[in-house]
Amino acid sequence: MSARGFAPVFWAGTVAAAALGFYLVSLRVASERAALEDVETEIAMAQRDIRLLQTEIGTRGRLAQLERWNVRFIRLSAPTADQFVEGGFQLATLVKPEAKPAIAAPVILASAPVEQDAPQSKLTGEAPTSAPASRSVSEMVHVASYSVPDKTPAVTQRLAIKPGAPVAKPAAGASRPPKALAATKSVKTATADPLAPLQTAKPKAKGSSPKAASGAGSPKAKPKDSVTD
Amino acid sequence: MNAPTPALVARPERLRLVGQRRQILAVMHQRLMFGMLVYAGIIAIIALRLVYLAAFGDHAGRKGGALDLTPERGDIVDRDGQALARTIDAWTIGLQPAKVIGNKLDLARKLAELMPEKDEAAYLQMLRSGRNFYYLRRRAPPGLVAAINSLGEPGLALEREPDRLYPQTSLAAHVIGYTDIDGKGNAGIERAFDQQLLDPERRGEPITLSISSKVQQALEHELGGAMSHFSAIGAAGVIMDIHTGEVLAMTSLPQLNPNAAGQGTPEARFNRATLGVYELGSTFKPFTVAMAMDAGIVKSMGQMYSCPRQLHVAGRTINDTHPYGRACSVAEIMKESSNIGTAQIADQLGAKRQREFLKQMGFLDKVEVELLERGRTLSPGANWNQIETMTVGYGHGIAVTPLHLASGYATLFNGGIYRPATLLKVDRNHPAGKGRRVFSEDTSYKMRSLLRLVVTDGTGKKADAPGYRVGGKTGTAEKYHNRSLKVTSFAGVFPMDEPRFVMVMMLDEPKATAETFGFSTAGWNIAPAFGRTVARIAPMLGVRPDKRREPNMAEVLPYVQKEKGH
């Protein structure tokens, strides 16, 4: 009974609540729409500002102005045909490092004996005992002997190429006993032997390299040693 | 309202038996009910309207119009989208004398300090006059607007109004044109497309020109340099894409600042490139040779003509600046720009065919381009006899615009097809103009080596830009009223082995200088500027310099006799 009596009230309440609900939804939608419009307006204003600033920067950086600066201060000019490269390969050739003259072998040989001055004397003692190794070492000893009187290594290097041999002979003779003298002869033979074993006197310390002296020189050195001995 | 109602309601109890009163009561009820219905109806309408507004209506804070970004007048941009003309909001300072409340003498003094273009007395007179409104300054700088605003005088009106701004100032001024103070196009594109620029439907989209700002700037700079160096009174230049007819750059000097077009001289406002017509001289010779080749008269570059030192025709004498005095080939005629040789070729061609070809190339009509400033060309007209045919053959007696000439060279070197020049970028929205064949493809091909020869060995040596294979022809014409005054021009195409761009440069009345050894012919003044311009713009246009490429010079070189002097 009571429920039946209140039915219209319930209905009225429900309808009122529904209406209120609808209104709230609509209100929410409207406020969202308003927010969206605000954002859109902001975007539009930003775009307008962008346009304004672009116009300003375009006016300040106009080509005629840039040209004027270029003529007065920067002075850039159009590239010539030669400044264009075909591709990466041609570009790479432009940055090729400068070719340095190859260091000749005798220079290395000459520098070595200066350091080995002290041990050489010991090695010379060993040299006669072992046949192949000793000869290569003994060759080095004699090269070193050139440099000792000259003192400055740079000078000896140059001297060793041309007048080295004649100077070396008396120097070696003065500093060392007959062993050294014999060794100087062996040096000559060692340097010359890759070319011709018989013409020992003519080429002096010309093409002597450490490798030739130690490796290639050793097997061929045998007959010459026998000659000099 | 409420007070009498209870009385009316109370009374019926007492007056029930009185018929008259009953009647009155009934009427009262009726009226009451009617009034109530009216009120209820009004309230219902308001309530419904409220519901409707709540559901579908706009809210109070809506900002209508702020979203509208379409400018008052459409933009004009170059082919890369760089703005060339824009409408911005500018400040306008106005004066309303009736609203002024402060001391008018003080105000006049302050105004004279801020805007010294008028003196204090003039401002005071304006303030005391009875007029409603004066413009004090249009397009005022912001600093001045701030200073005026700080005066705090209600009689000074600060307003914003749309104003046309050309950010690149004088760049391509004659192409873009300018507007008057009310925003109506007065020249150039502004005038030609005035309707489209103002149409609310279409003004949101900018008009894209075929002009390239960078190329335009290079052309203007180099041409301006040549003009001032040789003390010329004017200059014009056109650069075109020969395949589409797009004008990449077009200038007329002296320059004009469209931001203040009214301050420019009439000389500066004159567009020499499309409105001015000039006898362009020897630059016409390639057309004569091409016409003769197409007509079957010249069959080879080695065809010989007698080239005496002077040629007497119909009581007139034709001279050469570089007379041969012997038989010379077509290649040699072109190389040293021989009037005598060209006149003979033109004579063989005949007036009828010559006129037909010129008509096909558009040389007898106004130039076909969007601008409205187009000059009427001058030709012998009805009086086109033998001597006229001969002089037209080497470019005298016919006056056309530099744009005509560029368009003609484009026709000659794009394979022989005439296409109208256009100032709008050719793309999906705007296709290239409809072409018509004028020369055969073979003729077009053979002309390449002929014009290259002029630059490698002939009169146009100074126009060469190493690696860019420039081919072209010099032209020097004397002015009709004073033969010592000249119009020098150079029309050229590059790269000649695969032509892509044509450029025409012209100097009006150049003077000789010390380093030209007293010469004022085209080979000495405009040709070097041409070479410099090509070297500058070709890389921008995507032309690779290559010193090992040349057009087929075997077409012409066998027919050129080495001279003793060379």
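Residues numbered from 1 in each chain as written. Chains lettered and ligands numbered in written order. Predicted model: local features only at pLDDT ≥ 70, side-chain atom pairs only at ≥ 80, totals over all residues. Heavy atoms only, no water.

Going by what an unreviewed UniProt entry lists, chain B is known as Penicillin-binding protein 2 and is assigned to Sphingomonas edaphi. Taken from UniProt, the Subcellular location (unreviewed entry) comment for chain B reads in full: "Membrane". (UniProt positions renumbered as here; feature names shortened; annotations may be inferred.)

Student: Could you clarify how one ought to interpret the interface of chain B and chain A in this entry?
Tutor: Interface size is commonly expressed as the accessible surface area that is lost when the partners come together. With 33 residues of chain B in contact, the opposing surface of chain A contributes 29 residues. When chain B packs against chain A, close to 2,600 Å² is buried across both sides, 54% of that on carbon and sulfur atoms. Residue R536 of chain B pairs with E67 of chain A through a salt bridge whose shortest N-O separation is 2.7 Å. The tally of links between chain B and chain A comes to eleven residue pairs in polar contact (both at pLDDT 80 or more). Contributions of two or more residues to the side of chain B that touches chain A are made by α2 (19-56), β2 (83-95), α9 (213-229) and α18 (522-537) of chain B. Here the element with the most residues in the side of chain B that touches chain A is α9 of chain B; it accounts for four residues. Residues that form the side of chain B that touches chain A fall into these classes: 15 nonpolar, nine polar and nine charged. (Contact = heavy atoms within 4.5 Å. Buried area = accessible area lost by both parts, 1.4 Å probe. Salt bridge = Lys/Arg side-chain N within 4 Å of Asp/Glu carboxyl O. Polar contact = N/O pair within 3.5 Å; in protein donor to acceptor, adjacent residues only side chain to side chain. Helix = DSSP H or I, 4+ residues; strand = E, 2+ residues; numbered from the N terminus. Nonpolar A, V, L, I, M, F, W, Y, C, P; charged D, E, K, R; others polar.)

Student: What is the right way to look at the side chain of N414 of chain B in this model?
Tutor: All names here are of chain B. Of note, N414 is situated in the loop between α16 (402-413) and β14 (417-418). A polar side-chain atom of N414 sits 2.9 Å from the main-chain carbonyl oxygen of I242. Among the polar contacts listed, one links the side chain of N414 to the backbone oxygen of I417, at a separation of 2.9 Å. If sequence neighbours within four positions are ignored, N414 has contacts with I242, H243 and S444.

Student: What is the right way to read the UniProt feature "transmembrane region" (unreviewed entry) in chain A from this model?
Tutor: According to UniProt, the positions carrying the feature "transmembrane region" (unreviewed entry) are residues 6-25 of chain A. Taken end to end, residues 6-25 of chain A is 100% helix and 0% strand, and its first and last C-alpha atoms sit 28 Å apart.

Student: Just to check I follow, could you spell out the domain arrangement of chain B for this structure?
Tutor: Residues and elements named next belong to chain B. By domain assignment, chain B separates into domain 1 (76-92 + 114-208) and domain 2 (217-559). Placing a centre on the C-alpha atoms of domain 1 and another on those of domain 2 gives a separation of 40 Å. Listed by partner, the interface residues are 23 residues for domain 1 and 24 residues for domain 2. In total, domain 1 and domain 2 occlude about 2,000 Å² of area from one another, counting both sides; carbon and sulfur atoms represent 60% of this. Considering only the side of domain 1, the residues that lose the most area to domain 2 are R79, H174 and Y178, jointly responsible for 35% of the buried surface there. Connecting domain 1 to domain 2 are two salt bridges. A salt bridge links R191 to E373; the shortest N-O distance between them is 3.0 Å. (Domains from an automatic or database assignment.)

Student: Honestly, the UniProt feature "domain: Penicillin-binding protein dimerisation" (unreviewed entry) in chain B in this entry has me stumped. Any pointers?
Tutor: According to UniProt, the positions carrying the feature "domain: Penicillin-binding protein dimerisation" (unreviewed entry) are residues 70-180 of chain B. The straight-line gap between the two end C-alpha atoms of residues 70-180 of chain B is 20 Å; of that span, 30% is helix and 29% is strand.

Student: What exactly am I supposed to notice about the pairing of strand β6 (residues 234-241) of chain B here?
Tutor: All names here are of chain B. When you tally the buried positions in β6, you get eight out of eight residues, the bulk of the element. Taking every second residue as pointing to the same face, both faces of β6 are buried, with G234, A236, V238 and M240 on one and A235, G237, I239 and D241 on the other. Across eight bridges, β6 lies against strand β18 (residues 501-508) in antiparallel orientation. Residue pairing across strands places A236 opposite M506, the latter belonging to β18. Summarising the sheet, β6 and strand β7 (residues 247-253) pair through six bridges and their orientation is antiparallel. In the strand pairing of β7, A235 is matched with L253. Counting the residues that bridge the hairpin from β6 to β7 gives five residues, and of these G245 lies at a positive phi of roughly 80 degrees. (Buried < 20%, exposed > 50% of the residue type's maximum accessible area, 1.4 Å probe, protein only. Pairing = 2+ DSSP bridges.)

Student: Just checking my understanding: could you explain the pattern of salt bridges for this structure?
Tutor: One side chain can pair with another of opposite charge once the charged atoms of both are near each other. Residues and elements named next belong to chain B. This model, assessed by the stated rule, comprises 32 salt bridges over all chains. R73 is the partner of D194 in a salt bridge, and the nearest nitrogen-oxygen pair spans 2.7 Å. Of this pair, D194 sits in helix α8 (residues 194-198) while R73 sits in the loop between α2 and β1 (76-77), placing them 121 residues apart in sequence. On the basis of relative accessible area, R73 is assigned to the buried category, the value being 3%. Residue R139 pairs with D163 through a salt bridge whose shortest N-O separation is 2.3 Å. With a gap of 24 residues between them, R139 in strand β3 (residues 134-140) and D163 in strand β4 (residues 156-165) connect regions that are remote in the sequence.

Student: Explain α18 of chain B to me, please; I cannot follow it from the model alone.
Tutor: Two residues of an α-helix separated by three or four positions point the same way, owing to the 3.6 residues in each turn. A rise of 1.5 Å per residue sets the reference length of α18 of chain B, with its 16 residues, at 22 Å; its end C-alpha atoms lie 21 Å apart and thus fit the reference within 8%. Here α18 of chain B lies mainly inside the structure; twelve of its 16 residues are buried. (Expected span 1.5 Å × (residues − 1).)

Student: Help me understand the state of the cysteines in this model?
Tutor: Such a bond, covalent and formed between the sulfur atoms of two cysteines, is termed a disulfide. All names here are of chain B. Within the structure shown, the criterion is met by one disulfide over all chains. Here C307 pairs with C328 through a disulfide, and the sulfurs are 1.8 Å apart. Of this pair, C307 sits in strand β9 (residues 304-307) while C328 sits in strand β12 (residues 326-329); the two residues are 21 residues apart in sequence, bridging distant segments of the chain. (Disulfide = S-S within 2.5 Å.)

Student: Explanation requested: the UniProt feature "transmembrane region" (unreviewed entry) in chain B in the structure shown.
Tutor: In this structure's numbering, the residues bearing the UniProt feature "transmembrane region" (unreviewed entry) are residues 32-52 of chain B. Secondary structure content for residues 32-52 of chain B is 100% helix and 0% strand, while the C-alpha to C-alpha distance between its ends is 30 Å.

Student: I would appreciate a short explanation of unusual backbone geometry in the present structure.
Tutor: Only a minority of non-glycine residues have a phi that is not negative, and only a minority of peptide bonds are not trans. Along the chain, L253 of chain B connects to P254 of chain B via a cis peptide bond; the corresponding omega equals 5 degrees. Mapped onto the fold, P254 of chain B is located in the loop between β7 and α10 (266-269). Although it is not a glycine, R75 of chain A sits at a positive phi angle of roughly 55 degrees. Its place among the elements puts R75 of chain A in the loop between α2 (63-74) and α3 (88-94). Taking relative accessible area as the criterion, R75 of chain A reaches 63% and is therefore assigned exposed.

Student: I would appreciate a short explanation of the sheet that holds β18 of chain B in the present structure.
Tutor: Where strands meet in a sheet, backbone hydrogen bonds hold them as pairs that are either parallel or antiparallel. Residue and element names in this part refer to chain B. Pairing is antiparallel in the open sheet, where five strands are placed in the order β7-β6-β18-β17-β16. The open sheet is flanked by β7 and β16 (471-478), the only strands paired with a single partner. For this sheet the average axis-to-axis angle between neighbouring strands, irrespective of direction, equals 10 degrees. Across the sheet, α9 is in contact with β6, β7 and β18; its angle to β7 comes to roughly 30 degrees. (Axes fitted to C-alpha atoms, helices over the stretch in contact; angles between N-to-C directions.)

Student: I tried to follow the side chain of N259 of chain B on my own but got confused; where do I start?
Tutor: All names here are of chain B. Its place among the elements puts N259 in the loop between β7 and α10. Note on N259: relative accessible area 19%, which makes it buried. A polar side-chain atom of N259 sits 2.9 Å from the main-chain amide nitrogen of Y166. Sequence-distant contacts of N259, defined by excluding residues within four places in its chain, comprise R139, R164, L165, Y166 and T169.

Student: So what exactly am I meant to see when it comes to the packing of α2 of chain A against α9 of chain B here?
Tutor: Two quantities define a packed helix pair, namely the angle between the helix axes and the distance between the axes. The geometry of α2 of chain A relative to α9 of chain B is characterised by a closest axis approach of 10 Å and an angle of 50 degrees between their N-to-C directions. By the criterion of interaxial angle, the relationship of α2 of chain A to α9 of chain B is oblique. The element α2 of chain A and its partner α9 of chain B pack so that their crossing is right-handed. Together, L63, A64, E67 and V71 of chain A of α2 of chain A and S213, K214, Q217 and H221 of chain B of α9 of chain B make up the contact between the two elements. (Parallel < 35°, antiparallel > 145°, perpendicular 65-115°, else oblique. Left-handed = near helix turned anticlockwise from the far one by under 90°.)

Student: What exactly am I supposed to notice about the packing of aromatic side chains here?
Tutor: Working definition: an aromatic ring pair is given by the centre-to-centre distance plus the angle between the planes. All names here are of chain B. For the structure shown, the criterion picks out nine aromatic pairs over all chains. Aromatic pair F490 and F530: ring centres 4.5 Å apart, planes at 55 degrees, arrangement tilted. One end of the pair, F490, is in strand β17 (residues 486-494); the other, F530, is in helix α18, and 40 residues separate them in sequence. Each member of the pair, F490 together with F530, is buried. (Phe/Tyr/Trp six-rings, centres within 6.5 Å; stacked < 30°, edge-to-face > 60°.)

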